[in-house]
Amino acid sequence: SGGIVVKIPPRSSGRTRREKIRQGREQEAAERQAAAQAPRQSAGGMLSDQPYPSAPPAAEMAASQSRPGSGGAGSLRKMEYEELAQLSASVVMIMVYDQEGRCFKTGSGVAVSQDGYILTNCHVVSGGVSFGVRFENEEEETRTWSLVKYHTAFDLAVIRVERRCVPIPLAPPDPVVRGQQIVAIGSPLGLFNTISDGIVSGFRRIDQVSMIQFTAPISRGSSGGALLDLYGRLVGIITAGFDDGQNLNLAVDRDTIAPFAAGFLGRQDSGL
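Now for a description of the structure that goes with this document. (Residues numbered from 1 in each chain as written. Predicted model: local features only at pLDDT ≥ 70, side-chain atom pairs only at ≥ 80, totals over all residues. Heavy atoms only, no water.)

Our next topic: the overall build of the chain. Looking only at helices and strands, the chain has 5 helices and 13 strands in total. In the chain, which comprises 272 residues, the share counted as buried stands at 42%. Across the chain, the fraction of contacts at a sequence separation of at least 24, relative to all contacts at a separation of at least 6, is 62%. For the chain, the accessible surface area stands at approximately 15,500 Å², while carbon and sulfur atoms represent 52% of it. (Helix = DSSP H or I, 4+ residues; strand = E, 2+ residues; numbered from the N terminus. Buried < 20%, exposed > 50% of the residue type's maximum accessible area, 1.4 Å probe, protein only. Contact = heavy atoms within 4.5 Å. Areas by Shrake-Rupley, 256 points an atom, 1.4 Å probe, with all protein chains shown as cover.)

Right under this line is the structure:
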């Protein structure tokens, strides 16, 4: 009838508004989670290590399964890979320094007692004047000048840091068998506490030293790291690999480690 007609858009329902708010919050949460999981980069573009979440002390479980009278193999429980990964807290990266204070090589090591004894390879620490020991979730290294013991033929050595450690227990003298699953923890190429898995592929005797041959991937820098069974016990110290082959790697076996480190294994905290 000649009047002006104004069209008013329909109002969105409260349900629609709530749905949009919920979707927006979910998207924000997903973006925050993705940002938290993305690897950090330093100024030089190299990846830096993320802190690992705290977890139950898997080392305590492994230790209880290694004690005499623990009930035998039938009572043991194989650990999940996530549990075995927690044992990285007992594996360290070792920086080797010369007399001028320059780091000229790195390797790995395994805490074998509460009062700071670290088992590694002799070739890792050879030529070093001091050693920087880095523990998981710590940016600062612990410096030590204490090379306690070494054996060039066995390629084993023990250094000590003035701090409390959580040790990985040595496996009992039960035979390791070919085809047995194992886990390797070390710092290949300086990539701190890398975890890989594989199997025992054979047994070798090199220069009169008993070695476990295994397939878990390793690289330079893994030497001195831990070779574990699925119960979280130390069955070998990662020592070498064949560059001309694929996953042809060697570890000094448990029976060689036991007499060499007998005075240090499982030592209790002495008040450090």
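Relative to the elements of secondary structure, Arg 254 occurs in helix H5 (residues 254-260). Residues Arg 254 and Arg 233, 21 residues apart in the sequence, show an inter-C-alpha distance of 10.0 Å. Arg 254 has contacts with Leu 170, Ala 171, Pro 172, Pro 173, Leu 234 and Val 235, leaving out every residue within four places of it along the chain. Side-chain polar atoms of Arg 254 contact the backbone oxygen of Ala 171, separated by 2.6 Å. For Arg 254, the side chain forms a polar contact with the side chain of Asp 255, separated by 3.1 Å. (Polar contact = N/O pair within 3.5 Å; in protein donor to acceptor, adjacent residues only side chain to side chain.)

A few words now on unusual backbone geometry. Unusually for a residue other than glycine, Leu 189 sits at a positive phi of about 55°. Structurally, Leu 189 is set in the loop between strand E8 (181-186) and strand E9 (194-206). Residue classification places Leu 189 among the exposed positions, given a relative accessible area of 64%. Residue Asp 207 is not a glycine yet carries a positive backbone phi of 50°. Structurally, the position occupied by Asp 207 is in the loop between E9 and strand E10 (209-214).

Taken together, the side chains of Ile 206, Phe 242 and Leu 248 present a nonpolar region at the surface, about 240 Å² in accessible area. Residue Phe 242 is classed as partly exposed on the basis of its relative accessible area of 47%. (Patch = residues over 30% accessible without salt bridge, like charges linked within 9 Å, V, L, I, M, F, W, Y side chains within 5 Å. Salt bridge = Lys/Arg side-chain N within 4 Å of Asp/Glu carboxyl O.)

With that settled, consider the sheet that holds strand E3 (residues 117-120). Strand order in the open sheet formed by 7 strands is E5-E4-E1-E2-E3-E7-E6, and the pairing between neighbours is antiparallel. Both outer strands of the open sheet, strand E5 (142-144) and strand E6 (147-151), are each paired with one neighbouring strand and no more. Put simply, the sheet's adjacent strands are angled 30° from each other on average, direction ignored. (Pairing = 2+ DSSP bridges. Axes fitted to C-alpha atoms, helices over the stretch in contact; angles between N-to-C directions.)

Here we come to the pairing of E10. Each regular strand displays side chains that alternate between the two surfaces of the sheet. E10 sits mainly inside the fold: 5 of its 6 residues count as buried. In this structure, E9 lies alongside E10, joined through 6 bridges in antiparallel fashion. Within E10, the residue paired with Arg 205 across the bridge is Ser 210. Remark: 2 residues form the turn of the hairpin made by E9 and E10, two consecutive strands paired antiparallel; Asp 207 in that turn has positive phi of roughly 50°. Direction of pairing for E10 relative to strand E13 (residues 249-253): antiparallel, over a ladder of 4 bridges. Residue pairing for E13: Ile 212 is matched across the bridge by Ala 251.

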